[in-house]
Amino acid sequence: PLNVEAASELTELYIVQHKEFNSDLSPAISVMQHLMQHHQNEFMYSKLGELYTMTRNHAEALTCFHRALSLNPNCEHARDGLEQLEHLMRRQNGRVDAEADLEDDDETYRDTDM
């Protein structure tokens with residue numbers, strides 16, 4: 001079995017590469033799937049949900065976030081990931097509510113303020 005910390009760090013490196021160079025995330029997903037054959041917890045499900053969200057595999061992402069929350073209803077990473085995924089899905093379906101748009105505008109304003 002893989003070392004959990006090392007696999008998590010490797011996954012983070014794949015995410016950084018993806019964000020900077022638009023590289024493939026399938027190796028990161030493979031690492032997490034392999035790791036989860038031996039170790040399963042809410043963080044791993046949440047991280048896999050994040051990866052699936054980034055690759056637009058929404059069905060798998062939903063499954064992972066819900067599984068993480070079933071293991072630990074207080075898992076903030078999973079709650080945040082699920083909220084972001086639901087927002088993304090609403091946006092893709094053209095059903096973004098006004099409040100969500102205002103929140104995005106506030107965030108954009110804060111980002112440009114720095």
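Summarised in this report is the structure supplied together with it.

Calculation rules
Residues numbered from 1 in each chain as written. Predicted model: local features only at pLDDT ≥ 70, side-chain atom pairs only at ≥ 80, totals over all residues. Heavy atoms only, no water. Helix = DSSP H or I, 4+ residues; strand = E, 2+ residues; numbered from the N terminus. Contact = heavy atoms within 4.5 Å. Expected span 1.5 Å × (residues − 1). Buried < 20%, exposed > 50% of the residue type's maximum accessible area, 1.4 Å probe, protein only. Arc of directions from axis to C-beta. Polar contact = N/O pair within 3.5 Å; in protein donor to acceptor, adjacent residues only side chain to side chain. Salt bridge = Lys/Arg side-chain N within 4 Å of Asp/Glu carboxyl O. Patch = residues over 30% accessible without salt bridge, like charges linked within 9 Å, V, L, I, M, F, W, Y side chains within 5 Å. Areas by Shrake-Rupley, 256 points an atom, 1.4 Å probe, with all protein chains shown as cover. Lys, Arg positive; Asp, Glu negative; His and termini not counted. Charge placed at Lys NZ, Arg CZ, Asp CG, Glu CD. Axes fitted to C-alpha atoms, helices over the stretch in contact; angles between N-to-C directions. Parallel < 35°, antiparallel > 145°, perpendicular 65-115°, else oblique. Left-handed = near helix turned anticlockwise from the far one by under 90°. Core = buried A, V, L, I, M, F, W, Y, C linked by side-chain atoms within 4.5 Å.

### A look at the side chain of His 18
Mapped onto the fold, His 18 is located in helix α1 (residues 4–21). Those residues in contact with His 18 that sit more than four places away from it in its chain are Ser 23, Leu 25 and Met 54.

### Observations concerning α1
Here α1 spans 25 Å end to end across 18 residues, near enough to the 26 Å set by a 1.5 Å rise per residue. Turning to α1, its buried residues number three or more, namely Ala 7, Ser 8, Thr 11, Ile 15 and His 18. Projected down its long axis, α1 shows its buried positions confined to an angular sector of 100°, all on one face. Across α1 from its buried face, at more than 90 degrees, point the exposed residues Glu 5, Glu 9, Leu 13, Glu 20 and Phe 21. Of the surrounding secondary structure, the elements contacted by the buried residues of α1 are α2 (26–36) and α3 (42–54). N-cap assignment for α1: the residue whose side-chain oxygen lies 2.9 Å from the backbone N of Glu 5 is Asn 3. Immediately beyond the C-terminal end of α1, within one or two residues, lies Asn 22, with a positive phi of roughly 55°.

### Quick notes on the pattern of salt bridges
Applying the stated criterion to the full structure yields two salt bridges. Glu 12 is the salt-bridge partner of Lys 47, the closest N and O atoms lying 2.3 Å from each other. With Lys 47 in helix α3 and Glu 12 in helix α1, this pair connects stretches of sequence that are 35 residues apart. Its relative accessible area of 5% is what places Lys 47 among the buried residues. What makes Glu 12 partly exposed here is its relative accessible area of 29%. Of the charged contacts, one joins Glu 50 and Lys 47 as a salt bridge, the two residues approaching to 3.0 Å between their closest N and O atoms. One end of the pair is Glu 50 and the other is Lys 47, both in helix α3 and three residues apart, which spans about a single turn.

### Description of a negative patch on the surface
On the surface, a cluster of negative charge is contributed by Glu 76, Asp 80, Glu 83 and Glu 86. With respect to the helices, strands and loops of the structure, Asp 80 is situated in helix α5 (residues 76–92). Overall, Asp 80 belongs to the partly exposed group, its relative accessible area being 42%.

### Section: the packing of helix α4 (residues 58–71) against α5
When two helices pack together, their arrangement is captured by the angle between the axes and the distance separating the axes. Interaxial distance between α4 and α5 falls to 9 Å at its minimum, and their mutual angle equals 150°. Judged by the angle between their axes, α4 and α5 are roughly antiparallel. Pair α4 / α5 crosses with left-handed handedness. Contacts between α4 and α5 involve His 58, Ala 61, Leu 62, Phe 65, His 66, Ala 68 and Leu 69 from the first element and Ala 78, Arg 79, Gly 81, Leu 82, Leu 85, Leu 88, Met 89 and Gln 92 from the second.

### Focus on the nonpolar core
Core analysis: the biggest nonpolar cluster contains 23 residues, and Met 32, Leu 48, Leu 51, Tyr 52, Phe 65 and Ala 78 have the highest contact counts within it. At the level of elements, α1, α2, α3, α4 and α5 are the ones that each hand at least two residues to this core. For this core, the element with the highest residue contribution is α2, accounting for six residues.

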